[in-house]
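Notes for the structure review
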There are 2 protein chains.
Amino acid sequence: MLTSALDAEKIESKQEERTANVHRLDSLNLLIFTTLLVVVVLTIWIFKRRNFRYIHETCLALIYGFIIGAILHHTGTTNTKSSVLKMNDTTFPKNPVPNWVSFEDQNMSAIYLYAFQGPYQKDTVHLEEQKAMFNSEIFFNIILPPIIFHAGYSMKRKNFFRNLGAILMFALVGTTIACLSTGIMVYGSVRAFSSLRSFFSFTDSLYFGAIISATDPVTVLAIFNDLHVDVDLYAIIFGESILNDAVCIVLANSIEKYVAGAILDQFDRALMLKSLGNFFVVFLGSFGIGSGMGCLTALMTKFTYIRDFPLLETTLFVLMSYSTFLASEAAGLTGIVAVLFCGIFQAHYTYNNLSIESKQRTRDLFELFNFLAENFIFIYIGITLFTFPSQQWDIRFIILSIMAIALARTLCIVLLSFILNLARKNPISWQWQMMLIFSGLRGAFAFALAIRNVSTHARSLMYTTTSVIVIITVIFNGTLVAPVMKLLKIRTNVREEAEPNSSIHRYRMMENSNNNRDRRTSDEVALLNNDENDDNDTTITIDARHDSSKYSKDERKQESKTWLLKKWSHFDKIFMKPLLTHSSPPLTATLPVCLLPITRLLTTKEQRTLHRNDNFSPNITSSIISSDDSILNNHQGVPTLELIDIDNVDLYSRSNTLIDTDKNGDVTARFTASSSSSPAAQLL
Amino acid sequence: MLTSALDAEKIESKQEERTANVHRLDSLNLLIFTTLLVVVVLTIWIFKRRNFRYIHETCLALIYGFIIGAILHHTGTTNTKSSVLKMNDTTFPKNPVPNWVSFEDQNMSAIYLYAFQGPYQKDTVHLEEQKAMFNSEIFFNIILPPIIFHAGYSMKRKNFFRNLGAILMFALVGTTIACLSTGIMVYGSVRAFSSLRSFFSFTDSLYFGAIISATDPVTVLAIFNDLHVDVDLYAIIFGESILNDAVCIVLANSIEKYVAGAILDQFDRALMLKSLGNFFVVFLGSFGIGSGMGCLTALMTKFTYIRDFPLLETTLFVLMSYSTFLASEAAGLTGIVAVLFCGIFQAHYTYNNLSIESKQRTRDLFELFNFLAENFIFIYIGITLFTFPSQQWDIRFIILSIMAIALARTLCIVLLSFILNLARKNPISWQWQMMLIFSGLRGAFAFALAIRNVSTHARSLMYTTTSVIVIITVIFNGTLVAPVMKLLKIRTNVREEAEPNSSIHRYRMMENSNNNRDRRTSDEVALLNNDENDDNDTTITIDARHDSSKYSKDERKQESKTWLLKKWSHFDKIFMKPLLTHSSPPLTATLPVCLLPITRLLTTKEQRTLHRNDNFSPNITSSIISSDDSILNNHQGVPTLELIDIDNVDLYSRSNTLIDTDKNGDVTARFTASSSSSPAAQLL
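None of the values given here were measured: they were computed from a predicted structure.

A count of helices and strands for chain A gives 28 helices and three strands. Going through the 684 residues of chain A one by one, you find that 63% of them count as buried.

In contact at an axis separation of 10 Å, helix 13 (residues 356-387) of chain A and helix 13 (residues 356-387) of chain B are set at 80 degrees when each is read in the N-to-C sense. It follows that helix 13 of chain A is roughly perpendicular to helix 13 of chain B by the angle criterion. Residue-level inspection shows R361, D364, L365, E367, L368 and F369 of chain A of helix 13 of chain A in contact with helix 13 of chain B, the latter providing R361, D364, L365, E367, L368 and F369 of chain B. Across the contact of helix 13 of chain A with helix 13 of chain B, the residue classes break down as six nonpolar, no polar and six charged.

Before going further, it helps to examine a nonpolar patch on the surface. Residue and element names in this part refer to chain B. On the surface, a cluster of nonpolar side chains totalling about 380 Å² of accessible area is made up of I63, F66, I67, I71 and I475. It is helix 2 (residues 57-75) that contributes the most residues to the nonpolar patch, four residues altogether. Mapped onto the elements, I67 comes out in helix 2. I67 sits in the partly exposed class, given a relative accessible area of 42%.

So, on to the pairing of strand 1 (residues 84-87) of chain A. For a regular strand, side-chain orientation follows a simple rule: the groups alternate between the two sheet faces. Where burial is concerned, the two faces of strand 1 of chain A differ: the one with L85 and M87 of chain A is buried and the one with V84 and K86 of chain A is not. Here four bridges tie strand 1 of chain A to strand 2 (residues 100-105) of chain B, and the two strands are oriented parallel to one another. Along strand 2 of chain B, the bridge assignment pairs L85 of chain A with V101 of chain B.

Mapped onto the elements of the fold, L372 of chain B is located in helix 13. When the C-alpha positions of L372 of chain B and I143 of chain B are compared, they lie 8.7 Å apart, and in sequence the two are 229 residues distant. Sequence-distant contacts of L372 of chain B, that is, excluding residues within four places in its chain, are made with T315 and L319 of chain A together with L37 of chain B.

According to the stated counting rule, one finds twelve salt bridges over all chains in the structure shown. The closest approach of N and O atoms between D364 of chain A and R361 of chain B, which form a salt bridge, is 3.2 Å. Of this pair, D364 of chain A sits in helix 13 while R361 of chain B sits in helix 13, which puts the two residues in different chains. Accessibility classification places D364 of chain A together with R361 of chain B in one group, the buried group. Its salt-bridge partner being R409 of chain B, residue E240 of chain B comes within 3.0 Å of it at the nearest N-O pair. Remark: R409 of chain B occurs in helix 14 (residues 395-423) and E240 of chain B occurs in helix 9 (residues 231-265); sequence separation between them is 169 residues. No difference in accessibility class separates E240 of chain B from R409 of chain B, as the two residues are buried. Three or more residues joined by partner-sharing salt bridges are found here, namely R361 of chain A together with D364 and E367 of chain B.

Moving on, we get to the sheet that holds strand 3 (residues 110-121) of chain B. Spatial ordering of the open sheet is given by 1(A)-2(B)-3(B)-3(A)-2(A)-1(B), a layout of six strands whose pairing is mixed. Lying at the two open borders of the sheet, with one neighbouring strand each, are strand 1 of chain A together with strand 1 (84-87) of chain B. Averaged over all pairs of adjacent strands, the angle between strand axes in this sheet comes to 25 degrees, irrespective of strand direction.

One finds F200, F224 and M435 of chain A together with F200, F224 and M435 of chain B to be the most contacted residues of the largest nonpolar core, which totals 297 residues. Those residues within four positions of F200 of chain B in sequence are excluded, and the remaining contacts are V186, Y187, V190, R191, S205, F208, F397, A458, L461 and M462 of chain B. Listed in part, the 18 residues of the second largest apolar core include V97, F103, Y112 and Y114 of chain A.

This part takes up the packing of helix 2 (residues 57-75) of chain A against helix 13 of chain A. All names here are of chain A. Relative to each other, helix 2 and helix 13 sit at 35 degrees, their axes nearing to 7 Å. Like other packed secondary-structure pairs, helix 2 and helix 13 cross with a definite hand, here right-handed. Contacts from E57, T58, A61, L62, G65, F66, I68, G69, A70, L72 and H73 in helix 2 reach F371, E374, N375, F378, I379, I381, G382, I383, L385, F386 and T387 in helix 13. The residue inventory of the contact of helix 2 with helix 13, partitioned by class, reads 13 nonpolar, seven polar and two charged.

Let us now look at the pairing of strand 3 (residues 110-121) of chain A. For strand 3 of chain A, a buried count of eleven out of twelve residues is recorded, marking the element as mostly surrounded by other parts of the structure. Direction of pairing for strand 2 (residues 100-105) of chain A relative to strand 3 of chain A: antiparallel, over a ladder of six bridges. Its bridge partner lying in strand 3 of chain A, D105 of chain A is registered against A110 of chain A. Note that strand 3 of chain A and strand 3 of chain B share eleven bridges and pair antiparallel. Along strand 3 of chain B, the bridge assignment pairs G118 of chain A with L113 of chain B.

Criteria and thresholds
- Residues numbered from 1 in each chain as written.
- Chains lettered and ligands numbered in written order.
- Predicted model: local features only at pLDDT ≥ 70, side-chain atom pairs only at ≥ 80, totals over all residues.
- Heavy atoms only, no water.
- Helix = DSSP H or I, 4+ residues; strand = E, 2+ residues; numbered from the N terminus.
- Buried < 20%, exposed > 50% of the residue type's maximum accessible area, 1.4 Å probe, protein only.
- Axes fitted to C-alpha atoms, helices over the stretch in contact; angles between N-to-C directions.
- Parallel < 35°, antiparallel > 145°, perpendicular 65-115°, else oblique.
- Contact = heavy atoms within 4.5 Å.
- Nonpolar A, V, L, I, M, F, W, Y, C, P; charged D, E, K, R; others polar.
- Patch = residues over 30% accessible without salt bridge, like charges linked within 9 Å, V, L, I, M, F, W, Y side chains within 5 Å.
- Areas by Shrake-Rupley, 256 points an atom, 1.4 Å probe, with all protein chains shown as cover.
- Salt bridge = Lys/Arg side-chain N within 4 Å of Asp/Glu carboxyl O.
- Pairing = 2+ DSSP bridges.
- Core = buried A, V, L, I, M, F, W, Y, C linked by side-chain atoms within 4.5 Å.
- Left-handed = near helix turned anticlockwise from the far one by under 90°.

Structure follows, in structure tokens:
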């Protein structure tokens, strides 16, 4: 009796010790990362202060991670050696492989529990060096979603949709071509090396082509933002790199599935078609979940008055967006695609329903998450290059991979630009093509795809090569983007005032009246620029008066929306916006009268008030302001002096459509007067 | 050659499959939690809207988790059965136990890797039901830190420090007494049951006493906030429950260490003393790290102009606070204590240096984190009651534990209140004592401590019992707090206007001028109320004029600061504040002249300007406002109409100390005028 109690205490304290050790190691690991992040933040601050903009923060994070990884590699191995028990058991059941193994200790009535970590190819894992680092689950479930969501949420939707044709072409067709051609080139050259030929199969090559074709939007775009590069070039590169991540993950999954099938059934053409079909099912399914959840959140925020409680509202927003990712992954689709489109829909609809506090909070929150997650990933890439146990170095393979991806990218950009230029009114010049090729650097996404599975020699080789390529391209291309741009004489310093759309003015007005927000980052500008530009053609006419003849922009004006986009824009205006937001005219006005019983249910009091005001337009400027204030602020009856908000400004422009256009000058004057103290107001 | 390549692909795809399955399961688990959180948010919203305040959100989260757990338990077990390989190997090395076990498969050149999960007592783990749920690492490293930090950051420091004696008495002495007496009572009654006696040792009882003595601050305080309970009672309960978490974790660790020692050396009195010494070392060490990191962050934000970039500033703030936790844990101390004091120091010093945007951002961010983390934990507690594999139910043990904790709590509250009342000028009435006893409900912390280690029968029993006690006390005490308070005739609706300190007025002024913030939550109020109250005695005199004779508050006024607190307050005023913030008078004025070369280095331009203005006091009200504006806003030369800020208001009161006191009326009048539109201003 007494011995068993003592045994129990021994087990207890051993377990305690193990937990404490794991915990301390985890804390230490996390501490290294947070300390590095602090150093990165301080360095960025110094760089910003000294206006030194050639090394981007992700590049910094990478270099710091690299240095610390090297130090850890050369110091940390001795004292953390793991002990391994190698069993050579013939009774081990392989079908299915057990999830748990327990060793019984008769003396102590204890069992030692082991959890399955997956199969590995012999000699790929160096168990002696196996350290408890973060696993890829944390990457995919925690780190990536906020980055992608932020990209969608802060996207300049107007420019994006104007260039949708080119973006889809590059992202869908271009990436597929890049994947296949890289795969074929790599496979072809691998044949030349007997050492690689033995374990690097054709499907491995294709898979490698898929993961290495994911270009990174972060570094280049930050520099583009600083340099004020032409917005169309910006939009194409942004759109391509963000959608291409999604395409790559779907391609990689399809190739994986195809691999699994190929082993069972041998090569099969039907399977290849199935794989292609799978690609579209996954893409469309994920798009459906993402946009559906976006619309659901919009409906929730529209019809509940949850905005009376900004904390609850923000929480709901964050949770709905995150569950979009999870739902999509749990359904076997691609969370990345879902969360990207969820972000776009949230920005387009839900954002308009949020309280002012929540607008600010969600922007701030995702900006912070995005910043932390991005830098975390790049530190991680740097650190693991030395500390990850499953490395497989092959310099020849790295060199030929770099050559292959450069060739593949050149091929698809030139080819697809040629095809696009046949239809585009504003053709993609060879300078832009060069820039598109040059800005195809690899980043977090390629790395995340590579580290997921390092079970075989081939996968370890892919992982190491991807790491090296990410580091080289981020440092090399990232640093040289600005000089190359100068060399190619690509127009920079396209000041946003010169842009032929009203959003900038709108932003400026907001900025001026919104005095404590004058240090906005470019991301916030991007987010603010978005709202409601797509369908307010009248505002563009207003602006044309203010800033004409800065440079010829005839082509851009003439470049009209495509048929599909026009249709969508119309549908958005008469159905989606009135249904999902508090915008006017409401559904009761845009849909046929026979549907009135339903549409009336879907129209809020705010919409009715707004619509009534719209109809009494000529002398309502002041009444709109007041009614609008009372709507936007709160429902607690406290009249407040509200910061001017996007929706407010949007209402001005909407009322302008009804007021005689001569009145526009007055409206602008009102704004200028209200923000007279700021020098930026002089630009109007 | 070819077969080996095929083998590799088989391994690859098997690994792929395993990763995909793990990932899908993880996503599904997370999805359940996010969906439940969404439901909780919506329910809270409905409750708030209908003014139904008797069921708190954590209680809701618990109940929902409970229901879903029950459903999962009865449906999910069949299809997720794990396969276990039971080995009975005599060659298994026990000293040390290997971290990894690998099984080799000769046919395929594959190895199957298993990772050590720790020793367990036979029959405690039901491997068939072992599901991949979250582990305690995520709890301790991710979920708890923001909750504790938020508690420190939003603490009403003034009330807290005024009642520091009582709080420390209850938290340090009270919790230790509760731990020991619960342990002894449980051990005594366990002797009566032969079935428990065999495996529940004395150290187990003590450990159980430690984990079950951690009271939860969340639920009761939310209700207190709603009901506007007397601030001193609030402060005592808040202070006790937040510090007592820290005490419990240190006690539990000490008992664990003692257990480990007791096995090796048998019982030893020296070891017990060592354990006590360890308690203080850990507590003070953690306090040192927490306050040190807080001060470091204050210095960083003071001497760098990182506030020009709010995103970087917020990131730095978050990272420094989090690394406090990690550093403390990695050093073998207690992160919880460290992060609590870090929060207090950040609020007291760093907060004053932050830009207005960062002030708002950090508040919003931690409020959100806190909300999510709290509800997540309670959902988790509810779900695991049914789904966690290592349960050990014993109704008798649950009942006697509940009786033991109730008795122990009554004992220490009554005993310590009696001792405290000997010295207190404002004695703790029997009603308050009843309330203190009643509000000792158990929550997230006790649960987190219990789930860390379930390796033996005794630990599993503790875990199950703790879960049940948490659920019972949260639902029972949480729901009955308001009726019991009514029954005890404890003064509620102590409107904040009636409070004899200026912070409320200050808050009101800020609120009125700060129009878009009128829907503040109680947490934010708490945060705002804090600033600089401790040492501005003048402001109290100002206020006494406005709201005298609401109720007799003589005792409270007379209740002067203790000697230690006075010393600290003085030191804070002449050294800490001038060193760590931009406050005036600067170190050059407060420290001896001989230190001038050093103090000059540590004084910022802002401080010098402020100090100069302070010296020209009689007619500087307007100049202070303008200089202060320019300091607080930004360094970009844009004069802006700033929202009135804590520091601003603080400057008013500080300037008042120099202006003839007759002027105070004017100053207040100015405020009233500037915020005339709001009805709340009438209350002044």
